[in-house]
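Report on the structure
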Amino acid sequence: MSVRTLPLLFLNLGGEMLYILDQRLRAQNIPGDKARKVLNDIISTMFSRKFMEELFKPQELYSKKALRTVYDRLAHASIMRLNQASMDKLYDLMTMAFKYQVLLCPRPKDVLLVTFNHLDAIKGFIQDSPTILHQVDETFQQLTETYGGLSAGEFQLIRQTLLIFFQDLHIRVSIFLKDKVQNSNGRFVLPVSGPLPWGTKVPGLIRTFNNKGEEVRKAEFKHGGSYVAAPKEGSFELYGDRVLKLGTNMYSVNRPMETHMSGASENLAAQTQESIAPNPLAKEELNLLARLIGGMEIKKPSGPEPGFRLNLFTTDEEEEQAALTRPEELSYEVINIQATQDQQTNEELARIMGEFEILDQPRRSASKGDDLLAMMDEL
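Residues numbered from 1 in each chain as written. Predicted model: local features only at pLDDT ≥ 70, side-chain atom pairs only at ≥ 80, totals over all residues. Heavy atoms only, no water.

Looking at an unreviewed UniProt entry, one finds the chain named Protein OSCP1, with Eschrichtius robustus as its source organism.

Encoded structure:
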């Protein structure tokens, strides 16, 4: 497992979230000024300097539920509100889209180009805010510094870590089904044709060498595909042609975004419950720290600018039905976090935290995910 995977996972999923929210804001005819505020607020929160510093620290991936909690907090960073059914659908679309992109990356290193495609598109969402644009550019610089010198083997480990994270998710998405890149069981169809990874030759030739490194024999074979050599390598600079289209906005044209649980996913639910829903102790650890830092409760819109609810379904009835039919094991119910003023409870929490502290050693968080949630609370 690579400890350098989290920034790529978070930024790419965040990019997919913004694609979907932008499409739904347009589909529901939300006034332009409100839509711009929502996207600017979410992007500003997502790319804040302190938050990025925490994100880029070497660390293992969070559990699916802990990560889902971070995105719930992020999605509600502005005047927009989503109920749980819409948030579940949003997270399903985000994860399946990025899973597809990781699977189709020609080279492990190309996951970085996918990330840059997301950042390029995110910059296009920002309007009238040079400060937020600068935040995104700073993150691009951090990505270049962190991943620019990694070897092919290290990128392969990152890709493998991502695939392990996604391995039990087989949610059917209407766009993928209609494009025939996903089967009815929720598994993706990998192509046997198309452009090859940069630096590789079209398959069809076997060369045999002797112990002196001299070529002694050639043999051709039929590969059964229709491959073409990559015209050029994608640019890893701040501005440039990425060449790779994975990670670009597939919702730029209005299309329905239905999701369905596949039979395979429903059957796997009981088997994968532990990986999707962390054990109760991890949940309590997250709640503990959140109560201590306080302020994690998402507040209702107030002031002169009223909030609004965004629906990721066509109708409210569809949204209600989705909430009722979703398997309980696959529902990412957000951890309820509230700051308490009860004196007895505060004393008990202080006592427990005192037991966690070790003299003359740096203090550590109770569980993964707490630091990022704490950072978001301060924004």
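**Quick notes on the pattern of salt bridges**
Taken as a whole and assessed by the stated rule, the structure comprises 13 salt bridges. Lys57 is paired through a salt bridge with Glu54; the nearest N and O atoms lie 3.2 Å apart. A salt bridge links Asp110 to Arg107; the nearest nitrogen and oxygen atoms lie 2.9 Å apart. The buried category is assigned to Asp110, whose relative accessible area is 5%. (Salt bridge = Lys/Arg side-chain N within 4 Å of Asp/Glu carboxyl O. Buried < 20%, exposed > 50% of the residue type's maximum accessible area, 1.4 Å probe, protein only.)

**A few points about the nonpolar core**
Phe10 and Tyr71 are the most contacted members of the largest nonpolar core, which has 81 residues in total. The biggest single contributor to this core is helix H1 (residues 6-27), with 12 residues. Apart from residues no more than four positions distant in its own chain, Tyr71 is found in contact with Leu9, Phe10, Leu13, Gly14, Met17, Met87, Tyr91 and Met94. (Core = buried A, V, L, I, M, F, W, Y, C linked by side-chain atoms within 4.5 Å. Helix = DSSP H or I, 4+ residues; strand = E, 2+ residues; numbered from the N terminus. Contact = heavy atoms within 4.5 Å.)

**Looking at the pairing of strand E5 (residues 215-220)**
E5 sits mainly on the outside: zero of its six residues count as buried. Taken together, the five bridges between strand E4 (residues 205-209) and E5 define a ladder with antiparallel strand orientation. Considered in E5, the bridge of Arg207 is made with Lys218. Where E4 folds back on E5, the antiparallel hairpin that results is connected by five residues, among which Gly213 adopts a positive phi of roughly 85°. (Pairing = 2+ DSSP bridges.)

**Looking at unusual backbone geometry**
Positive phi, normally seen in glycine, also occurs at Asp128, with a value near 60°. Tracing the backbone shows Asp128 in the loop between helix H6 (110-125) and helix H7 (130-147). The backbone of Lys180 sits at a positive phi, close to 60°, despite the residue not being glycine. Here Lys180 lies in the loop between helix H9 (174-178) and strand E3 (194-195). Residue classification places Lys180 among the exposed positions, given a relative accessible area of 69%.

**Some points on the packing of H1 against helix H5 (residues 84-104)**
Helix packing for two helices is described by the angle between their axes and how far apart those axes are. Between H1 and H5, the shortest axis-to-axis distance is 9 Å and the interhelical angle comes to 125°. Looking at the two axes, H1 sits oblique to H5. Considering the relative orientation of H1 and H5, their crossing is right-handed. Taking contact as the criterion, the partners of Leu8, Leu9, Asn12, Leu13, Glu16, Met17, Ile20 and Leu21 in H1 are, on H5, Leu90, Leu93, Met94, Thr95, Ala97, Phe98 and Gln101. Residues of the contact of H1 with H5, tallied by class, amount to 11 nonpolar, three polar and one charged. (Axes fitted to C-alpha atoms, helices over the stretch in contact; angles between N-to-C directions. Parallel < 35°, antiparallel > 145°, perpendicular 65-115°, else oblique. Left-handed = near helix turned anticlockwise from the far one by under 90°. Nonpolar A, V, L, I, M, F, W, Y, C, P; charged D, E, K, R; others polar.)

**Some details on the confidence of the model for the chain**
Summing up the model confidence of the chain, the mean pLDDT is 78 and the portion of residues at 70 or higher is 71%. Confidence drops under pLDDT 50 across residues 263-281; counting only partners more than four residues distant or on other chains, this segment forms 21 contacts. Below pLDDT 50 for its whole length, residues 356-366 participates in six contacts with residues either more than four positions away or in separate chains. (pLDDT = per-residue confidence, 0-100.)

**Describing the packing of H1 against helix H4 (residues 64-75)**
Interhelical geometry of H1 versus H4 gives an angle of 45° and a closest axis separation of 12 Å. As judged from the angle between their axes, H1 and H4 are oblique. For H1 against H4, the interelement crossing comes out right-handed. Of the residues in H4, those in contact with Leu6, Leu9, Phe10, Leu13, Gly14 and Met17 of H1 are Leu67, Val70, Tyr71, Leu74 and Ala75. Of the residues belonging to the contact of H1 with H4, the class tally is 10 nonpolar, one polar and no charged.

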